[in-house]
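Structure assessment
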Amino acid sequence: MFTQQNRKSRQLLASGIKSTYDDELYPTRLNFYREPPPLEISIEEFEQFALDRMQVLQALLTAQMRNLTPEQLDKAVGEAIKKYMPMSPNTKGSSATHRQLMEERRKDHISHFILRLAYSRSQELRSWFLRAECALFRYRFEKEMLKDQLEFLEKQNLSWKKVSDEDKRLLREKLKASSFKAGNIDEETYFEVDFERVAGLVGRRQVYIQAGKAFVRLSDQVVLVLDEFKERLSHALEVTGRALPRMDEDDRLMPVLNNINKQYLGREFTTSAIAGEIQAGDVDSLKVHMPLCMEHLHDELRREKHTRHGGRMQYGLFLKGIGLSLEQALLFWQMAFEKLTPDQFNKQYAYNVRHSYGMEGKRTDYTPYSCKSIIMNNAPGPGDHHGCPFRHFSAPNLRAQLAAHNVDEFDTDDIIHKVQQRHYQIACTRYYEVTRAKMVGISAENVKGGLSDSTAGMIASQEVIEHPNQFFEQSYLLMKSKNGETGDGTSSAAGAGAAGGMDGLIASAPLDATVRGRYTYKKAGASISSNVQHDIDM
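No experiment lies behind these values; they were computed from the predicted model shown. (Residues numbered from 1 in each chain as written. Predicted model: local features only at pLDDT ≥ 70, side-chain atom pairs only at ≥ 80, totals over all residues. Heavy atoms only, no water.)

**Things to note about the packing of aromatic side chains**
How two aromatic rings sit relative to each other is given by the distance of their centres and the angle of their planes. For the coordinates displayed, the defined rule picks out 23 aromatic pairs. Considering the side-chain rings of Tyr 119 and Trp 128, the 5.1 Å spacing of their centres and the 25 degrees angle between planes classify their relative orientation as stacked. Each member of the pair, Tyr 119 as well as Trp 128, carries the same accessibility label: buried. Both rings, one in Phe 137 and one in Phe 229, keep their centres 4.4 Å apart while their planes meet at 10 degrees; by these two values the pair is stacked. Taken together, the positions of Phe 137 in helix α6 (residues 123-143) and Phe 229 in helix α11 (residues 221-243) put the pair 92 residues apart, joining distant regions of the chain. (Phe/Tyr/Trp six-rings, centres within 6.5 Å; stacked < 30°, edge-to-face > 60°. Buried < 20%, exposed > 50% of the residue type's maximum accessible area, 1.4 Å probe, protein only. Helix = DSSP H or I, 4+ residues; strand = E, 2+ residues; numbered from the N terminus.)

**Topic: the nonpolar core**
In terms of nonpolar packing, the biggest core is built from 64 residues, with Ile 114, Tyr 119, Leu 257 and Ile 260 touching the most fellow members. Here this core gets 11 residues from one element, more than from any other, and that element is α6. Each of domain 1 (4-155 + 227-263) and domain 2 (158-223) contributes no fewer than three residues to this core. (Core = buried A, V, L, I, M, F, W, Y, C linked by side-chain atoms within 4.5 Å. Domains from an automatic or database assignment.)

**Some words on the pattern of salt bridges**
Counted according to the given criterion, the structure contains 28 salt bridges. For Arg 138, the salt bridge identified is with Glu 142, shortest N-O distance 3.1 Å. With Arg 138 and Glu 142 both in helix α6 and four residues apart, the pair spans about one turn of that helix. A single network of salt bridges, built from pairs that share partners, joins Asp 411, Asp 414, Lys 418, Arg 430 and Glu 433. (Salt bridge = Lys/Arg side-chain N within 4 Å of Asp/Glu carboxyl O.)

**Quick word on the packing of helix α21 (residues 409-420) against helix α22 (residues 424-440)**
Packing of α21 against α22 brings their axes to within 7 Å, and their N-to-C directions diverge by 160 degrees. When the axis of α21 is compared with that of α22, the two are roughly antiparallel. In this structure, the crossing between α21 and α22 has a hand that is left-handed. Of the residues in α22, those in contact with Asp 411, Asp 414, Ile 415, Lys 418 and Val 419 of α21 are Tyr 424, Ile 426, Ala 427, Arg 430, Tyr 431 and Val 434. Of the residues assigned to the contact of α21 with α22, the class counts are seven nonpolar, no polar and four charged. (Axes fitted to C-alpha atoms, helices over the stretch in contact; angles between N-to-C directions. Parallel < 35°, antiparallel > 145°, perpendicular 65-115°, else oblique. Left-handed = near helix turned anticlockwise from the far one by under 90°. Contact = heavy atoms within 4.5 Å. Nonpolar A, V, L, I, M, F, W, Y, C, P; charged D, E, K, R; others polar.)

**Digging into the UniProt feature "binding site: [4Fe-4S] cluster" (unreviewed entry) in the protein chain**
Residues annotated by UniProt as "binding site: [4Fe-4S] cluster" (unreviewed entry) correspond here to Cys 293, Cys 371, Cys 388 and Cys 428. For this annotated set, covering 136 residues, all C-alpha atoms fall within 9.9 Å of each other, a compact arrangement in space. Among the secondary structure elements, Cys 293 is positioned in helix α14 (residues 292-304). Classification of Cys 293 by relative accessible area gives buried; the value is 10%. If sequence neighbours within four positions are ignored, Cys 293 has contacts with Gln 314, Gly 387, Pro 389 and Pro 468. (UniProt positions renumbered as here; feature names shortened; annotations may be inferred.)

**Details of the pairing of strand β4 (residues 213-217)**
Most of β4 sits out of view: four of its five residues are buried. The pairing of strand β3 (residues 208-210) with β4 spans three bridges and is antiparallel. Paired with Gln 210 across the strands is Lys 213, a residue of β4. Here β3 folds back onto β4 in antiparallel fashion, the turn holding two residues, of which Ala 211 has a positive phi close to 55 degrees. (Pairing = 2+ DSSP bridges.)

**Quick notes on the sheet that holds β3**
Taken in spatial order, the four strands of this open sheet run β1-β2-β4-β3, and their pairing is antiparallel. Of all the strands in the sheet, just β1 (161-162) and β3 have a single pairing partner and so form its edges. As paired strands, strand β2 (residues 190-194) and β4 are joined by five bridges and run antiparallel to one another. Residue pairing for β4: Asp 194 is matched across the bridge by Lys 213.

**Observations concerning the environment of Arg 399**
Checked against the element boundaries, Arg 399 lands in helix α20 (residues 395-404). Judged by relative accessible area, Arg 399 falls into the partly exposed class, the value being 35%. For the pair Arg 399 and Glu 409, spaced 10 residues apart in sequence, the C-alpha to C-alpha distance is 9.0 Å. Those residues within four positions of Arg 399 in sequence are excluded, and the remaining contacts are Thr 412, Asp 413 and Ile 416. Polar contacts involving the side chain of Arg 399 include one to the side chain of Asp 413, which spans 3.0 Å. (Polar contact = N/O pair within 3.5 Å; in protein donor to acceptor, adjacent residues only side chain to side chain.)

**Looking at the environment of Val 207**
By secondary structure assignment, the location of Val 207 is in the loop between α10 (199-203) and β3. A relative accessible area of 10% means that Val 207 is categorised as buried. Placed 12 residues apart in sequence, Val 207 and Phe 195 show a C-alpha to C-alpha distance of 9.0 Å. Excluding its chain neighbours within four sequence positions, the residues that come into contact with Val 207 are Ser 178, Leu 201, Val 202, Ala 214, Phe 215 and Val 216.

**Focus: the pairing of β2**
Of all five residues in β2, four are buried; the element is thus mostly enclosed. Relative to β2, β1 is paired through two bridges, and the arrangement is antiparallel. Bridging across to β2, Lys 161 finds its partner in Glu 192.

**Description of the state of the cysteines**
Within this structure, the stated rule accounts for zero disulfides. Cys 428 provides the cysteine sulfur closest to Cys 371, a residue in no disulfide bond, and the two sulfurs are 5.8 Å apart. (Disulfide = S-S within 2.5 Å.)

Written out as structure tokens, the structure reads:
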């Protein structure tokens, strides 16, 4: 895929000298990715390019799923593209140099093929990647200038028949009647294609059909282009999937490819002072701020007086992340396992608690599990209580849990629909918005979709929930604001938890914005900052 050919072209590109070859390779920002990138790439670039493209794809899919307005979607996606994968236009007014244009388009080209390799290993991964890339291509195509759109299409040799002026004259009235947007038919460009390729336009009665052919206006060509892109990429993914086993012996790339789709791109929660120093006796009162997964673990721990290893790790590290010290953690678990004597607890469980705090064994300071880790790893079995309720609960069980938290039928259906589409973190984010709205006594409808104005906007999660500790912090700060605390003032954890019932009164003071931390992911020993919106839907 990445060869040493065209080294001269790469050297010209690096020096800023205009290269005819590069112009032919990337004449516009649009790309069908028919050919692998012919340029060299380092292992460091290989991983960085893949993660940057993941940021953009996740931001785009998340924005679409959250029913944002077009303005909000443009802002969210535009910020992600600008930060991770800028793509400058060909306009004379652009500040980008020729070298910048080529480097940006080279990164786009290479990163697509890296993720194509990473997401070709299963039908589930291929489906996700196909949907994400189609969404990104459509977004870019609709933002591209008409001149560059036409230049791009002319080079693709698409099997579309352009309708002649004579045929347009004969069909003028029928073409005009087929679309209320039609202007001067003589000046409009039409293409003749098989009607099944534009089923969406046919369903909306926006095209004229004759003898099995649909007559599509140039302004509606995005449907045709996207269909062509999807068909080609789908075939390419299948071909790549069949060829991928031959790469198994490449110990440089395969570890990266196998882990790209499992990468957590968010903040690494270690210990947090957001709720002060947590005491073992405070945990019950803080349950109101916990996400559904941790609340379920807490309830089952109290009910059974015990939990299995998977539950202890998931819940124990979460408690560590909200500020429970090692000493208090030992006290908490010893009290929770009340059926055991102190000696039995010390012999069977104390070592594991100290190990999770980095005080035993290889002394690794473990961090709390992210949503992605909980969803994709160590699925719960019979008798287990760890995992993600939105991922691992049956639909009836999840409905019962939502009903127990006073989520109404309309919002429950909305959450279940997102779960069925495998958007588990977006479902959790909606659960956060609905339940936190009840804390301050406003309608949940006012916080749908991550609004950013008025009181409702303060409750709406501006970022998709991607970590249980993120959920806790946002909820805790919201309750602090509801109780009228400002600045650096803090209250005891127990006091904040006790005031945090679901039937809370309307806030008497303006609400603070939700937590927006510096999110990081680790790569090659370095910590790289980001502010990412991101969802798991595999």
